[in-house]
Amino acid sequence: GRWDEAAAFAAEGLEVAEQADLRMRAGALQSLVGLVEVSRGDPDRARALAQRAIDILDDVEEVSYGNYARQMLAFLDLSLGDAKAADRARGTYAERVEGSKRLSFVGDEIEALVTLGDIEAAASLASELDRRGTELHRPPLTATAARCRALILGASGDLEAATRSAQSSVATFDELRLPFEHARS
């Protein structure tokens, strides 16, 4: 939730990468600046930055960071209420969820799937996220899985279990002092 600091660090890194002609690094940092902008509520600037990042990363054939930028765009689309557009990023996630970078946006994909009514796929992905978060000892991932499980349970009509799962997510994000994710939960 410290957007100004995040923006300053990302912009500084981007400037250094551009001065050093480190295109892959510049592309990756463009997407981070875009993530800050979407989180602060500037969707037009965020989309432009993410698209520029994707263009650079595709040009240098950097798949991992390119997928990360696409996932950031999916987060933007989901934030704007377009679950169908957000779901287009589904192919950018590994079949088995791997790596903390890719894991950071899986909750958005799960939310898009729930919104689109694909509860079975959402539940499968949420279970995998929870398993990987537990395996990697990453409380933000297990808390995101709990938030997603709350959405799945709510969509399935089990409001009591959904509430318990949401409360678990809220409590964990509160303990972790992650206000943005706390608010989402």
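Residues numbered from 1 in each chain as written. Predicted model: local features only at pLDDT ≥ 70, side-chain atom pairs only at ≥ 80, totals over all residues. Heavy atoms only, no water.

Colleague: Whenever I open this one, the overall build of the protein confuses me. Can you help?
Modeller: Summing up its helical and strand segments, the protein has eleven helices and zero strands in all. In the protein, the succession of α and β elements from N to C terminus is α-α-α-α-α-α-α-α-α-α-α. Against the 2.2 N^0.38 benchmark of 16 Å for 185 residues, the protein shows a C-alpha radius of gyration of 17 Å, consistent with a compact globule. For the protein, the spread of C-alpha atoms along the three principal axes comes to 55 × 30 × 30 Å. Taken over 185 residues, the protein has a buried fraction of 42%. Excluding contacts between residues fewer than 6 apart, the proportion of contacts in the protein whose partners are at least 24 apart in sequence is 53%. Taken together, the 22 basic and 32 acidic charged side chains of the protein have centroids lying 2 Å from each other. (Helix = DSSP H or I, 4+ residues; strand = E, 2+ residues; numbered from the N terminus. Rg over C-alpha atoms; globule rule 2.2 N^0.38 Å. Buried < 20%, exposed > 50% of the residue type's maximum accessible area, 1.4 Å probe, protein only. Contact = heavy atoms within 4.5 Å. Lys, Arg positive; Asp, Glu negative; His and termini not counted. Charge placed at Lys NZ, Arg CZ, Asp CG, Glu CD.)

Colleague: I keep staring at the pattern of salt bridges and nothing clicks. Help me out?
Modeller: Opposite charge on two side chains permits pairing when their charged atoms draw close. For the structure on display, the rule yields 15 salt bridges. Glu 5 is paired through a salt bridge with Arg 2; the nearest N and O atoms lie 2.8 Å apart. For Arg 2, a relative accessible area of 60% translates into the label exposed. With a closest N to O distance of 2.9 Å, Arg 184 and Asp 108 form a salt bridge. Here the residue Arg 184 occupies a position in helix H11 (residues 179–184), and Asp 108 occupies one in helix H7 (residues 106–115), the gap between them amounting to 76 residues. (Salt bridge = Lys/Arg side-chain N within 4 Å of Asp/Glu carboxyl O.)

Colleague: Mind showing me how you'd approach the packing of aromatic side chains here?
Modeller: Aromatic ring pairs are described here by two measures, namely the spacing of the ring centres and the angle between the planes. Counting across every chain of the model gives four aromatic pairs. Centre to centre, the rings of Phe 75 and Phe 105 are 6.4 Å apart; their planes meet at 45°, and the pair counts as tilted. With Phe 75 in helix H4 (residues 63–79) and Phe 105 in the loop between helix H6 (100–103) and H7, the pair connects residues that are 30 residues apart, well separated along the chain. This pair shows no difference in class: Phe 75 is buried, exactly as Phe 105 is. Grouped by ring-pair contacts, the aromatic residues Trp 3, Tyr 68, Phe 75, Phe 105 and Phe 180 constitute a single cluster. (Phe/Tyr/Trp six-rings, centres within 6.5 Å; stacked < 30°, edge-to-face > 60°.)

Colleague: Quick question: what am I supposed to make of the packing of helix H3 (residues 43–59) against H4 here?
Modeller: Packed helices, taken two at a time, are described by their axes: the angle between them and the distance between them. Where H3 contacts H4, the two axes come as close as 9 Å, and the packing angle between them is 160°. The angle between H3 and H4 falls in the class roughly antiparallel. With respect to the hand of their crossing, H3 and H4 are arranged in left-handed fashion. Packed against H3, whose contacting residues are Pro 43, Ala 46, Arg 47, Ala 50, Gln 51, Ala 53, Ile 54, Leu 57 and Asp 58, the element H4 presents Tyr 65, Gly 66, Ala 69, Arg 70, Met 72, Leu 73, Leu 76 and Asp 77 at the interface. Each residue belonging to the contact of H3 with H4 can be placed in one class, and the counts come to eleven nonpolar, two polar and four charged. (Axes fitted to C-alpha atoms, helices over the stretch in contact; angles between N-to-C directions. Parallel < 35°, antiparallel > 145°, perpendicular 65-115°, else oblique. Left-handed = near helix turned anticlockwise from the far one by under 90°. Nonpolar A, V, L, I, M, F, W, Y, C, P; charged D, E, K, R; others polar.)

Colleague: Is there a simple way to explain the packing of helix H2 (residues 23–40) against H4 in this structure?
Modeller: It is at 10 Å that the axes of H2 and H4 come closest, and there the two elements cross at 15°. Overall, the two elements H2 and H4 adopt an arrangement that is roughly parallel. In this structure, the crossing between H2 and H4 has a hand that is left-handed. The segment H2 lies against H4, with Met 24, Arg 25, Ala 28, Ser 31, Leu 32, Gly 34, Leu 35, Val 38 and Ser 39 engaging Tyr 65, Tyr 68, Ala 69, Met 72, Phe 75 and Leu 76. Its residues assigned to classes, the contact of H2 with H4 shows eleven nonpolar, three polar and one charged.

Colleague: For this particular structure, what's the right way to read the nonpolar core?
Modeller: Within soluble globular proteins, side chains that are nonpolar generally end up buried alongside one another. The biggest cluster of nonpolar side chains holds 16 residues, and the ones touching the most others in it are Leu 35, Val 38, Met 72, Leu 73, Phe 75, Leu 76 and Phe 105. For this core, the element with the highest residue contribution is H4, accounting for seven residues. Beyond its immediate stretch of four places on either side in the chain, Val 38 contacts Ala 46, Met 72, Phe 75 and Leu 76. (Core = buried A, V, L, I, M, F, W, Y, C linked by side-chain atoms within 4.5 Å.)

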